[in-house]
Every structure is written in C-alpha cells, then in structure tokens.
Amino acid sequence: MTKWEYSTIPLIIHATKQILDQWGEDGWELVQVVPGPDGNGLVAYLKREKS
C-alpha cells in the first residue's frame, strides 16, 4: 500500500510557476489550489510518496 505525505504552501501570484517547479523537483505533486484563508492569496496542497 502506498503511503503519502502532504504539505500546504502559500503561492505568491507573481512566482507561482517557480514555486511549483521547485517543489516538483523535490518530488511533490500538486493536488489542488484553493483560495487562502484571508481570501486574497492562494494555497497549494501537495503530496509525495513517503520514502
């Protein structure tokens, strides 16, 4: 059975691609992007297989 770990990160609008590319290089897969708790920013939910 695959085991996953999860992370949430704030996304800065003008650097979204760079942020997601960096996490992707570290093995994280984007699951979902939702509005931040204050309604102004975005929060990304990521997962990767536990090693």
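Analysis parameters
- Residues numbered from 1 in each chain as written.
- Predicted model: local features only at pLDDT ≥ 70, side-chain atom pairs only at ≥ 80, totals over all residues.
- Heavy atoms only, no water.
- Core = buried A, V, L, I, M, F, W, Y, C linked by side-chain atoms within 4.5 Å.
- Buried < 20%, exposed > 50% of the residue type's maximum accessible area, 1.4 Å probe, protein only.
- Helix = DSSP H or I, 4+ residues; strand = E, 2+ residues; numbered from the N terminus.
- Contact = heavy atoms within 4.5 Å.
- Pairing = 2+ DSSP bridges.
- Axes fitted to C-alpha atoms, helices over the stretch in contact; angles between N-to-C directions.

Where a protein is soluble and globular, its nonpolar side chains tend to be buried together. Counting residues in hydrophobic clusters, the biggest one holds seven residues: Ile-9, Leu-11, Ala-15, Ile-19, Trp-28, Ala-44 and Leu-46. Within the residue set of this core, elements represented by two or more residues are strand 1 (4-11) and strand 3 (42-49).

Along the polypeptide, Leu-42 turns up in strand 3. Leu-42 gets classed as partly exposed once you look at its relative accessible area, which sits at 30%. For Leu-42, the contacting residues outside a window of four places in its chain are Ile-9, Pro-10, Leu-11, Ile-13, Val-33, Val-34, Pro-35 and Gly-36.

On to the sheet that holds strand 2 (residues 29-35), then. One open sheet holds the three strands; their spatial order is 1-3-2, and the pairing between them is antiparallel. The sheet terminates laterally at strand 1 and strand 2, the two strands that pair on one side only. Between one strand axis and the next, the sheet turns by 20° as a mean value, whatever way the strands run. Across eight bridges, strand 1 lies against strand 3 in antiparallel orientation. Paired with Leu-11 across the two strands is Leu-42, which belongs to strand 3. Relative to the sheet, helix 1 (residues 16-25) contacts strand 1, strand 2 and strand 3, its axis offset from that of strand 1 by approximately 160°.

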